[in-house]
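# Observations on the model geometry
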There are 2 protein chains.
Amino acid sequence: MAPLKIDHLAVVVDNLDAALNFWQGALGLPLGGKEHNEHEAVDIAFLDAGGARVELLQPIGDESGIAKYLAKRGPGMHHICFAVADLDAAMAQMTAAQVELINTTPRTREDGTRYAFVHPKSTGGVLVELYEMAGEQA
Amino acid sequence: MAPLKIDHLAVVVDNLDAALNFWQGALGLPLGGKEHNEHEAVDIAFLDAGGARVELLQPIGDESGIAKYLAKRGPGMHHICFAVADLDAAMAQMTAAQVELINTTPRTREDGTRYAFVHPKSTGGVLVELYEMAGEQA
């Protein structure tokens, strides 16, 4: 694999506007956009952090995975995502190293992008997403 | 302030070698170095993630702040650090935005670098470090 870069850091918050007061207002990260995602039951704000992004996620309602995470763990860092050129190769490399994947076959988003999650028990407690960059060189 | 970049992401682990099996072995991040820091009672491994770094911290003994964090919270992401050109200006900007700092005057490391921490309750649950880059433009 080519050297990897952090694609984004996802943070679960209980109040998006209060969190933006810090990340956008005080820290000065440019707001890349906001999204109301009914499908995932989450309001999202994207901030640019020098190529990587910070994604703030506020759950809508109480039923989503993010809502349950917030209720159980409180607000804070949820996962870190690395962009990979070839998800199949990356997943094979994980398996060869006896790293546990949460999904052993790729998941696909509505826009066709593919991703997988690495189990925190194999990473030192961090939920890690691997996201396949469309059109990247393998 | 100039646009900020993520300097490093710090992860508290209970087993540095097991964590390196993922971050270095499976994910393929280049190992930048290891450090045995008696003063902070922590073993550290630095990995390069495309300009940003991932820092894995394994506590030595049970008495350090990192050891207590691990005992209380379990392994996982500990803090995220942004490099700033002018720490005093950044801290003033935080205070003006009613963001709570953990230390309201800068702390100084043995090598002279200055830093401050933002309280998680002002950020959406994330401990954020601001680190002053030596020799950067203000």
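Everything numeric in this text was worked out from a predicted model, so none of it was measured.

On to the overall build of chain A, then. Per the secondary structure count, chain A includes three helices and eight strands. When its helices and strands are written in sequence order, chain A yields β-α-β-β-β-α-β-α-β-β-β. By the compact-globule yardstick of 14 Å for 138 residues, chain A fits well, its C-alpha radius of gyration being 15 Å. Judged by the C-alpha coordinates and their principal axes, chain A covers about 45 × 30 × 30 Å. For chain A, buried positions account for 50% of its 138 residues. Taking the intrachain contacts of chain A between residues at least 6 apart in sequence as the baseline, contacts between residues at least 24 apart amount to 49%. Split by element, the accessible area of chain A, about 6600 Å² in all, is 47% carbon and sulfur. Here chain A holds 10 positive side-chain charges and 19 negative ones, and the gap between their average locations is 6 Å.

Residues and elements named next belong to chain A. With domains assigned, chain A is organised as domain 1 (1–79) and domain 2 (85–138). Its C-alpha centre places domain 1 at a distance of 20 Å from the equivalent point of domain 2. Counting residues at the interface gives six residues for domain 1 and seven residues for domain 2. Summed over both sides, the interface of domain 1 with domain 2 buries roughly 620 Å², with 63% coming from carbon and sulfur.

Here the focus is the interface of chain B and chain A. Each side of the interface is counted separately: chain B has 40 residues, and chain A has 40 residues. Of the roughly 3000 Å² buried at the junction of chain B and chain A (both faces included), carbon and sulfur atoms supply 72%. Contact with chain A buries area across many residues of chain B, yet F22, L27 and M77 of chain B alone supply 20% of it, more than any other trio. For the interface between chain B and chain A, the tally reads 10 residue pairs in polar contact (both at pLDDT 80 or more). Within the residue set of the side of chain B that touches chain A, elements represented by two or more residues are strand 1 (6–12), helix 1 (16–26), strand 4 (52–59), strand 5 (76–84), helix 3 (87–96) and strand 8 (128–132) of chain B. For the side of chain B that touches chain A, the element with the highest residue contribution is helix 1 of chain B, accounting for seven residues. When its residues are assigned to classes, the side of chain B that touches chain A shows 28 nonpolar, 11 polar and one charged.

In this structure, W23, L56 and F82 of chain A together with W23, L56 and F82 of chain B are the most contacted members of the largest nonpolar core, which totals 70 residues. Counting nine residues, the second-largest nonpolar core is a separate cluster that includes V12, I44, F46 and I66 of chain A.

What follows deals with unusual backbone geometry. Residues and elements named next belong to chain A. Even without being a glycine, Q98 presents a positive backbone phi close to 60°. Its location among the elements puts Q98 in the loop between helix 3 (87–96) and strand 6 (107–108). Looking at Q98, the relative accessible area reads 73%, which means it is exposed.

Its rotation angle being 180°, the transformation that places chain B on chain A also includes 0.0 Å of axial translation and leaves an RMSD of 0.0 Å. Such a combination of turn and shift is consistent with a two-fold rotation axis. When each C-alpha of chain B is compared by its distance to the rotation axis, M77 of chain B comes out closest, at 3.5 Å. Both copies present the same face, since 100% of the interface residues in chain B are matched by interface residues at the equivalent positions in chain A.

The next thing to look at is the pairing of strand 3 (residues 42–49) of chain B. Residue and element names in this part refer to chain B. Taken across its eight residues, strand 3 has six buried, putting it largely inside the fold. The sheet contact formed by strand 2 (residues 31–37) and strand 3 spans six bridges and is antiparallel. The residue bridging H36 from the neighbouring strand is D43, located in strand 3. Linking strand 2 to strand 3, which pair antiparallel, is a turn of four residues; within it A41 sits at a positive phi near 55°.

Time to look at helix 3 of chain A. Inspection of helix 3 of chain A places L87, A90, M91 and M94 of chain A among the buried residues, and these make up the whole buried set. The arc that holds the buried residues of helix 3 of chain A, viewed along the axis, is 95°, so those residues lie on one side. Buried-residue contacts for helix 3 of chain A involve strand 5 (76–84), strand 7 (114–118) and strand 8 (128–132) of chain A together with helix 1 of chain B. Between the side-chain oxygen of the N-cap and the backbone nitrogen of D88 of chain A there are 3.1 Å, and the N-cap of helix 3 of chain A in question is D86 of chain A. Remark: Q98 of chain A follows helix 3 of chain A within two positions and exhibits a positive phi of approximately 60°.

With that settled, consider the confidence of the model for chain A. Residue and element names in this part refer to chain A. Looking at chain A as a whole, the pLDDT averages 92, with 96% of positions reaching at least 70. For chain A, the element scoring lowest by mean pLDDT is helix 2 (residues 65–73), at 93; strand 7 scores highest, at 97. For this predicted complex, the interface score ipTM comes out at 0.90, while the overall pTM is 0.92.

Calculation rules
Residues numbered from 1 in each chain as written. Chains lettered and ligands numbered in written order. Predicted model: local features only at pLDDT ≥ 70, side-chain atom pairs only at ≥ 80, totals over all residues. Heavy atoms only, no water. Helix = DSSP H or I, 4+ residues; strand = E, 2+ residues; numbered from the N terminus. Rg over C-alpha atoms; globule rule 2.2 N^0.38 Å. Buried < 20%, exposed > 50% of the residue type's maximum accessible area, 1.4 Å probe, protein only. Contact = heavy atoms within 4.5 Å. Areas by Shrake-Rupley, 256 points an atom, 1.4 Å probe, with all protein chains shown as cover. Lys, Arg positive; Asp, Glu negative; His and termini not counted. Charge placed at Lys NZ, Arg CZ, Asp CG, Glu CD. Domains from an automatic or database assignment. Buried area = accessible area lost by both parts, 1.4 Å probe. Polar contact = N/O pair within 3.5 Å; in protein donor to acceptor, adjacent residues only side chain to side chain. Nonpolar A, V, L, I, M, F, W, Y, C, P; charged D, E, K, R; others polar. Core = buried A, V, L, I, M, F, W, Y, C linked by side-chain atoms within 4.5 Å. Least-squares fit on C-alpha atoms with pLDDT ≥ 70 in both. Pairing = 2+ DSSP bridges. Arc of directions from axis to C-beta. pLDDT = per-residue confidence, 0-100.

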